[in-house]
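These are the residues of each chain, in order.
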Amino acid sequence: MSQATPDSTPVTIDRKTRVKSIIGGSAGNLVEWYDWYVYAAFTLYFAPRFFPEGDDTVKLLQAAAVFALGFLMRPIGAWIMGIYADRKGRKAGLSLSVSLMCLGSLMIACAPTYDSAGMLAPAILLLARLLQGLSVGGEYGSSATYLSEMAGKNHRGFFSSFQYVTLISGQLLALCTLIILQRSMSEAALSDWGWRIPFFIGAILAVVVFWIRRGLVESESSKQAQKQAAEGGPKSSALELFTKHPKAAFTVILLTAGGTLAFNTFTTYLQKYLVNTSGFEKTTATEITTAAIFIFMLIQPVIGALSDRIGRKPIMIAFGVLGVAFTIPIFNGLANTSSVFTAFMLCMSGMLIVSGYTAINAVVKAELFPAHIRALGVALPYAIANTLFGGTAELIALSFKNAGYEHYFFYYITFMIGISLVTYIFMKDTKKHSMITDN
C-alpha cells in the first residue's frame, strides 16, 4: 500500500483572496442546504398532498421514506462529483452541484398533487429528491475540501467551521421561511399551495449561487493535484481511495456514523418530536427549534477556533462522551415537558453536545487525505455513513413510534455515538498530522 504524502508545495494566499473565497464558498453552501432542508421543514404541510392515505404519522412516515431515499443518492453523487472535483477542480464541482439542486427544487415547486396526478405526484417528488441527493452528495466533499484548503494552517478549524455554519444557516433559513409563511398565511392556504413558495425561492437562489461560484478562485492544492495527474501522477477514483487509503476512508465512515445520526436527530427530527410526542403546536415547535438552531449556528466558529488551539481530537472525544451520557435523558425530558423554556434548554443542550462533531468534522476529514483524492475521500465515506445513519434517522424514529417503542430510538443513537467515540479515541489528531500544507 502506497504511503500518502501531504500537499507538496505550501503556497501563501493573500488575506483578501482567502476571505473572499471562504465567503463565496460558504454562501453557496448555505443555499444548497436551504434547498435540502426545506423539504424537512415543510413536510408537515405537503405530505398530505402527495400521500393522502393514512393517519398523520403514516403520512409523515411516507414523506420521511422519500427523504431517506434522497440520501441513497448521496454516495453516488459523492462518488461521481468527488472524482469530478478532484480531477477538474473544486470550483467546477461546486458549480455542478448547485445546478442539480436548482433543478430538483424547481421540480418540487411545480409538482402536481396526488389528487390531480395520482401516483405521478409522489414519483416526481421522489425523482426531485434523488437529484437533490446527488447534488448534496457532491456538495459536501467539494465545499469541505475547498474551505479547508483555502483556510490557512493556523485558522483551518475556524474557517472550515463555516461549512456547518452555512449548512445550519440553510436549515435555519428554511425554518424562518416556514415561520414567516405560518404567520402570514392560514394553515389551509399553506397546506394547499403555500408550501410551494420556499421551493421556488430555493431554485432562484441556486441560480444566483451558480453565478457566484463561477467567479471563485481555485485552491492551490487542487491546481497542484491536477498538474501532477497530467504528468502521470495518481488520479482520483474509488479504487484508489479504498485500496491506497483504506484506513482514512473507514475512519471517516466510523467518525461520521454517530455524529450525523445525532445531528439529523437534533435538527431535522426534533421539530416532529416536539409535535407528535411532546404535544406542542406546530408553530411553537418550529419556533423552539429555530431559536435553538440559531444559537447552534453561532457556536460552530467558537468550537472550530478552539480546535486550532487544543487540537481536533479532544473536542470529538467530548462530543462522544457527552452524547453517550445525555442523549437519552434529554429526549426523556422533552417527552415529559409542556414548558417552552424547558424544551428550548433541552434542545439547546443536545445541540451544544453535537457541536463537538459538527464544527470540526469537515476539516478533520479533509486533513486525512492528500490533494489528488481529497474531495472524493471526504465525500464518499461521509455519504455512505450519512445514508446509513443520518438519512434514516427520521424513518427509524417514526417507525419505532408507530410500533409503540419510540424510546428504542434513543438507545440506538447512544450506541452509534459510542461507536464513533471509540474511533475518536484511537485515531490521530489531524491538526498535528494534517495532509494539507497550504499556508
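Above: the structure in question.
Rules of the game
Residues numbered from 1 in each chain as written. Predicted model: local features only at pLDDT ≥ 70, side-chain atom pairs only at ≥ 80, totals over all residues. Heavy atoms only, no water. Helix = DSSP H or I, 4+ residues; strand = E, 2+ residues; numbered from the N terminus. Buried < 20%, exposed > 50% of the residue type's maximum accessible area, 1.4 Å probe, protein only. Areas by Shrake-Rupley, 256 points an atom, 1.4 Å probe, with all protein chains shown as cover. Contact = heavy atoms within 4.5 Å. Core = buried A, V, L, I, M, F, W, Y, C linked by side-chain atoms within 4.5 Å. Axes fitted to C-alpha atoms, helices over the stretch in contact; angles between N-to-C directions. Parallel < 35°, antiparallel > 145°, perpendicular 65-115°, else oblique. Left-handed = near helix turned anticlockwise from the far one by under 90°. Expected span 1.5 Å × (residues − 1). Bend = angle between axes of the 7 residues up to and from the residue. Disulfide = S-S within 2.5 Å.

Side note on the overall build of the chain
Reasoning step 1: Summing up its helical and strand segments, the chain has 20 helices and zero strands in all.
Reasoning step 2: On the principal axes, the C-alpha backbone points of the chain span a range of 60 × 45 × 40 Å.
Reasoning step 3: Taking all 439 residues of the chain together, 61% fall into the buried category.
Reasoning step 4: Put simply, the chain shows about 16200 Å² of open surface, and 67% of that area lies on carbon and sulfur atoms.

Brief notes about the environment of Ala68
Reasoning step 1: Mapped onto the elements, Ala68 comes out in helix 3 (residues 56-88).
Reasoning step 2: Residues Ala68 and Ile417 lie 349 residues apart in sequence; the distance between their C-alpha atoms is 20 Å.
Reasoning step 3: Not counting the four nearest positions on each side in its chain, Ala68 is found in contact with Gly391 and Leu395.

Structural notes on the nonpolar core
Reasoning step 1: Among the nonpolar cores identified, the biggest contains 119 residues, and Phe42, Leu334 and Phe409 are the most heavily contacted of them.
Reasoning step 2: The dominant element in this core, judged by the number of residues it contributes, is helix 13 (residues 246-276), at 15 residues.
Reasoning step 3: Apart from the residues within four sequence positions on either side, Leu334 is in contact with Leu270, Tyr273, Leu274, Ser278, Ala343, Leu346 and Cys347.
Reasoning step 4: Counting eight residues, the second largest nonpolar core, distinct from the first, contains Ile22, Tyr146, Ala151 and Leu216.

Regarding the packing of helix 1 (residues 15-41) against helix 10 (residues 197-214)
Reasoning step 1: Here helix 1 crosses helix 10 at 160°, and the two axes come no closer than 9 Å. With respect to helix 10, the element helix 1 is oriented roughly antiparallel. Taken as a pair, helix 1 and helix 10 cross one another with a handedness that is left-handed. Where helix 1 abuts helix 10, its residues Gly24, Gly25, Ala27, Gly28, Asn29, Val31, Glu32, Tyr34, Asp35, Val38 and Tyr39 lie against Pro198, Phe199, Ile201, Gly202, Ala203, Leu205, Ala206, Val209, Ile212 and Arg213.

Side note on helix 13
Reasoning step 1: If you check helix 13, its first and last C-alpha atoms are 42 Å apart, about what 31 residues at 1.5 Å a residue would give, namely 45 Å.
Reasoning step 2: Maximum bend of helix 13: about 60°, positioned at Tyr269.
Reasoning step 3: Across the 31 residues of helix 13, 26 count as buried, placing the element largely inside the fold.

A few points about the state of the cysteines
Reasoning step 1: By the definition in use, this model includes zero disulfides.
Reasoning step 2: Just so you know, Cys102 is unpaired, no disulfide at all, and the nearest cysteine sulfur is the one on Cys110, 11 Å from it.
Reasoning step 3: Classification of Cys102 by relative accessible area gives buried; the value is 16%.
Reasoning step 4: Cysteine Cys347 is unpaired, with the sulfur of Cys176 as its nearest cysteine sulfur at 16 Å.

Quick look at the packing of helix 4 (residues 90-110) against helix 6 (residues 120-151)
Reasoning step 1: Closest axis-to-axis distance for the helix 4/helix 6 pair is 8 Å, and the angle between their directions is 155°. As far as their axial angle goes, helix 6 and helix 4 are roughly antiparallel. The element helix 4 and its partner helix 6 pack so that their crossing is left-handed.

Quick look at the side chain of Glu394
Reasoning step 1: Mapped onto the elements of the fold, Glu394 is located in helix 19 (residues 393-403).
Reasoning step 2: Those residues in contact with Glu394 that sit more than four places away from it in its chain are Ala40, Ala64, Thr268, Tyr269 and Lys272.

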